[in-house]
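Descriptive analysis of the structure
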Amino acid sequence: MDELVIDGYRFGSTEDAALAKMELQKIEILNQRLDYSNPGAVALVYNKALENRVFKTPIGYEFLKSLQKYLLENEDIVGEVQHIPLYHIFSNVIRKTPELVKKRVDTKTKVVKKSMSLKTSIIINVFLILLAAAMFYITLDSKNPNIINYKSSILNEYAGWEQQLKQREDIVREREKEVDLNR
């Protein structure tokens, strides 16, 4: 048995055949659980399947077509039954009209994307400026030596050591004087 043939369709790759096999399993589960006596439930499943692009192979499209036919024939359905969108190009001919349509759609999405990206960029830049300002404040206010205040920190440290040494020298000289006087 050919592993690329699923439900009468021969697929071009094992990945496509595996996808079709999974869709066939989904269809079997849906057929078991779907209440065909309730057209509203069928319409809900049909619309969700279209919205979420659940089916991608001819097997799935065949199932969607059967649901669509059921909904179109049913008089209890209020409103319009959605068409099944095909997301594939079936001809090898390059046409200008699809590009024009695509460009029109793309320009609308680009305007929305640009405005969102501009707002996001401004927010991120303001945040980074505030972060840099906070880092400079912490650096200037810090008592630890850093690249900005290392000279004054080191000088202050040496001055403190020098002062301690002078105090100790003074104490030692006083004791020496006391020892000399006591002799």
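Look up: the structure comes first, before these words.
The following paragraphs examine the structure supplied in this document. This one's a predicted model, so the numbers in the text were calculated from it and none came from an experiment.

1. Side note on the packing of helix 2 (residues 39-51) against helix 3 (residues 58-73)
Relative to each other, helix 2 and helix 3 sit at 140 degrees, their axes nearing to 10 Å. Classified by the interaxial angle, the pair formed by helix 2 and helix 3 is oblique. Judged by the twist between their axes, the crossing of helix 2 over helix 3 is left-handed. Mapping the contact onto sequence places Pro39, Val42, Ala43, Tyr46, Ala49 and Leu50 in helix 2 and Leu64, Leu67, Gln68, Tyr70 and Leu71 in helix 3. Along the lines of polarity and charge, the residues of the contact of helix 2 with helix 3 split into 10 nonpolar, one polar and no charged.

2. Points about the side chain of Glu23
By the element assignment, Glu23 lies in helix 1 (residues 14-33). It turns out Glu23 is buried and unbridged, and the closest side chain with the opposite charge, Lys26, is 5.7 Å from it. With sequence-adjacent residues up to four places away left out, Glu23 is seen in contact with Val54, Phe55, Lys56, Thr57, Ile59 and Gly60.

3. Comments concerning empty space enclosed by the protein
Empty space among the atoms becomes apparent when a probe as large as a water molecule is rolled across them. Per the stated rule, a full pass over the model turns up one cavity of 30 Å³ or more. Quantified by volume, the largest cavity comes out at close to 60 Å³. Lining the largest cavity are Ala49, Leu50, Arg53, Phe55, Tyr61, Leu64, Ile84, Pro85 and Tyr87. Elements represented by at least two residues in the lining of the largest cavity include exactly helix 2 and helix 3. In terms of residue class, the lining of the largest cavity is made up of eight nonpolar, no polar and one charged.

Each value, and the rule that gives it
Residues numbered from 1 in each chain as written. Predicted model: local features only at pLDDT ≥ 70, side-chain atom pairs only at ≥ 80, totals over all residues. Heavy atoms only, no water. Axes fitted to C-alpha atoms, helices over the stretch in contact; angles between N-to-C directions. Helix = DSSP H or I, 4+ residues; strand = E, 2+ residues; numbered from the N terminus. Parallel < 35°, antiparallel > 145°, perpendicular 65-115°, else oblique. Left-handed = near helix turned anticlockwise from the far one by under 90°. Contact = heavy atoms within 4.5 Å. Nonpolar A, V, L, I, M, F, W, Y, C, P; charged D, E, K, R; others polar. Buried < 20%, exposed > 50% of the residue type's maximum accessible area, 1.4 Å probe, protein only. Lys, Arg positive; Asp, Glu negative; His and termini not counted. Salt bridge = Lys/Arg side-chain N within 4 Å of Asp/Glu carboxyl O. 1 Å grid on protein atoms, 1.4 Å probe; cavity = no way out; pocket = protein on both sides within 12 Å on 5 of 7 lines; lining within 4 Å. Points joined across faces, edges and corners; volume = space filled by probe spheres on them.

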